[in-house]
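Each chain, written out:
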Amino acid sequence: MTDLPTPKPGILDIAPYVGGKSKIDGVAEPMKLSSNENMLGAGEKARAAYEAAIRNIHIYPDGRATKLRTAVAEHHGLEPERLIFGNGSDEVFALLNQTYLTPGDDIVTGQYGFLAYRISALANQASVRLAPEPEFKVTPEALLEQVTGRTRIVYVSSPSNPTGSYNTPDEIRRLHEGLRPDVLLVIDEAYAEYVTEPDWETSFELARSSENVVVTRTFSKIHGLGGLRIGFGYAPLKVAEAVDRIRLPFNVSVPGIEAAVAALGDEAHQKASRDLIQTWRPRLTQSLRGFGFDVLPSAGNFVLVRFADVETCQAANDWLNQQGIIVRPVGGYGLPDCLRITVGTDDQNRAVIDAMSEFAAR
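Keep in mind that what you see is a predicted model, and the values were worked out from it rather than measured.

Enquirer: Help me out: how do you make sense of the overall build of the protein in this one?
Expert: Within the protein, the secondary structure is distributed over 12 helices and 13 strands. In terms of its C-alpha atoms, the protein occupies a principal-axis envelope of roughly 60 × 60 × 50 Å. Scored against the burial criterion, the 362 residues of the protein give a buried share of 53%. Across the protein, contacts joining residues at least 24 apart in sequence account for 74% of those joining residues at least 6 apart. For the protein, the exposed area adds up to about 16300 Å²; of that, 52% sits on carbon and sulfur atoms. Looking at charge distribution, the protein has the averaged site of its 36 positive side-chain charges lying 3 Å from that of its 46 negative ones.

Printed below as a string of C-alpha cells:
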C-alpha cells in the first residue's frame, strides 16, 4: 500500500485561525459583537454597487483591479503601481510571507500581534519570534531585541488587535531605523480610520520614502465590507512587483471591486461609522470601568476587558451569551482573562452595559 500524501513539515502543527463566534444555541438573532465588524453595515452606495455588479459576475474580474487601484490611489494620494490588492489584508500578509520567507527564516511581531501574520509564516516553514508586551503595547526596543540574522519581516499592528494599543510616528521611525535594509517592516493599519489620538499618524509617507516598508489597510472595518474580503498594501515598487508574480490573477472579485470603489466615495457612511465609535467607545469604557472591570485604552472599534482571573472571564462570557450577546474570548492570543467587545449600535451597546452591570452585581 502506498503512503498517502503528507503535508510539508510543520503544517499540521499550526493551530488554525478561529473566527469570532456567530451563533448561540436557542437564540435566533444574537448580537454578534465578536469580530470587530462595522455594526452599521455597508453603506448604501456600496450596497447599490454590489447589486449592480450582479449582471457581470459571469465575467472574470480585472486581474489588476484597475478601477479600485485608481480609486484607492486617488483617495489616499498613493502611486497606483505600488499597490497590492488581496482577498482581505490577510492575503496581503500571506503573499508577503510567501514571497520573502524561506525555511529557517523568521518573522517578528508583538506578543499579542494578529494571528494571521504567524499562520502563513509557519506555513512557509519560518519561525515566529514574539516581542513581549508587558503593558499590552509593543515597543520598538522589544521588537528589535527579537530580530535575528534570519529575520525577514517585522509586523506591527497600529492600532493593534486585540489590545487596542497603537504606536506613535516616533516609535515607528525608531523601529524602522533600527532594522537592517533587508528586513521588511509591515505596518497593519486595519483600524486607522477609527483613530482619534493626536499622536498617531499613518505610515504611508514612511513607506513612500523607504525601500523596505509596507502599509496595509482593509475595507472590512470602516467600510463594512468584511464579507467581500478586500484589502490592500502600499509597498515599494520592487516589493509590489515581486508579490505580483505569485498573486493569483483574479483574487479580488467583481462585486468586491465595485463595492469598494463606491465605499471609498461614501463619506457620509464613513463619518457615521466614525461618529458611532467616537461616541460609544468612551461610554463603554467608562461604564465597564465603573462596574469594577479593567478596560484597556483602545484606538480601534472595540474594547478589551480584563477580568480578575480566567474563571471570572469565562463566567462573564457565559453570562453575555445567556443574554444573547456574543463577544470574543481571546485566549488564543494569550489573553485568557480578557474579552474583546466590538462597539455596536446604540441598542447593542446599551444591552452590553446592562448585562455587564447585572454580572457585576451577582
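What follows picks up the thread again.
Enquirer: Could you clarify how one ought to interpret the pattern of salt bridges in this entry?
Expert: Opposite charge on two side chains makes pairing possible when the charged atoms of those side chains draw close. Within this structure, the stated rule accounts for 18 salt bridges. Arg-217 is the salt-bridge partner of Glu-189, the closest N and O atoms lying 3.0 Å from each other. In this pair, Glu-189 is assigned in the loop between β6 (184–188) and α7 (204–208) and Arg-217 in strand β7 (residues 213–218), connecting sequence segments 28 residues apart. Across the salt bridge formed by Arg-217 and Glu-193, the nearest N and O atoms sit 3.4 Å from each other. Of this pair, Arg-217 sits in strand β7 while Glu-193 is found in the loop between β6 and α7, placing the two residues 24 residues apart along the sequence. Taking the relative accessible area as the measure of exposure, Arg-217 reaches 7% and is therefore buried. You can call Glu-193 buried: its relative accessible area is 16%. Counted as one network, the salt bridges with shared partners bring together Arg-64, Asp-244 and Arg-247.

Enquirer: Would you explain the sheet that holds strand β13 (residues 335–342) in this entry?
Expert: Backbone-to-backbone hydrogen bonds join strands into a sheet, with any given pair of strands oriented parallel or antiparallel. Read from one edge to the other, the open sheet built from 4 strands follows the order β9-β10-β13-β12, with strand pairing classed as antiparallel. The open sheet has two edge strands with one neighbour each: β9 (294–295) and β12 (328–330). Here β12 runs beside β13; their pairing, made up of 3 bridges, is antiparallel. Paired with Val-330 across the bridge in β13 is Leu-335. Most of the contacts of helix α10 (residues 267–290) go to strand β10 (residues 302–306), to which it runs at about 15°, and overall it touches β9, β10 and β13.

Enquirer: Sorry, what's going on with the pairing of β13 here?
Expert: For β13, the tally of buried residues reaches 7 of 8 residues, placing the bulk of the element in the interior. Pairing of β10 with β13 involves 5 bridges; the strand directions are antiparallel. Within β13, the residue paired with Arg-306 across the bridge is Cys-338. Here β12 hands over to β13 after 4 residues, with Gly-334 in that stretch at a positive phi of 85°.

Enquirer: What am I meant to see in the nonpolar core here?
Expert: As a rule of thumb, soluble globular proteins bury nonpolar side chains together. Residues Leu-68, Val-154 and Phe-219 are the most contacted members of the largest nonpolar core, which totals 39 residues. At 5 residues, the largest contribution of residues to this core is made by helix α9 (residues 254–264).

Enquirer: When you look at the state of the cysteines in this model, what are you seeing that I'm missing?
Expert: Each disulfide consists of a covalent bond between the sulfur atoms of two cysteine residues. In total, this model carries 0 disulfides according to the counting rule given. As a non-bridged cysteine, Cys-313 has Cys-338 as the owner of its nearest cysteine sulfur, 6.5 Å distant. For Cys-313, a relative accessible area of 3% translates into the label buried.

Analysis parameters
Residues numbered from 1 in each chain as written. Predicted model: local features only at pLDDT ≥ 70, side-chain atom pairs only at ≥ 80, totals over all residues. Heavy atoms only, no water. Helix = DSSP H or I, 4+ residues; strand = E, 2+ residues; numbered from the N terminus. Buried < 20%, exposed > 50% of the residue type's maximum accessible area, 1.4 Å probe, protein only. Contact = heavy atoms within 4.5 Å. Areas by Shrake-Rupley, 256 points an atom, 1.4 Å probe, with all protein chains shown as cover. Lys, Arg positive; Asp, Glu negative; His and termini not counted. Charge placed at Lys NZ, Arg CZ, Asp CG, Glu CD. Salt bridge = Lys/Arg side-chain N within 4 Å of Asp/Glu carboxyl O. Pairing = 2+ DSSP bridges. Axes fitted to C-alpha atoms, helices over the stretch in contact; angles between N-to-C directions. Core = buried A, V, L, I, M, F, W, Y, C linked by side-chain atoms within 4.5 Å. Disulfide = S-S within 2.5 Å.

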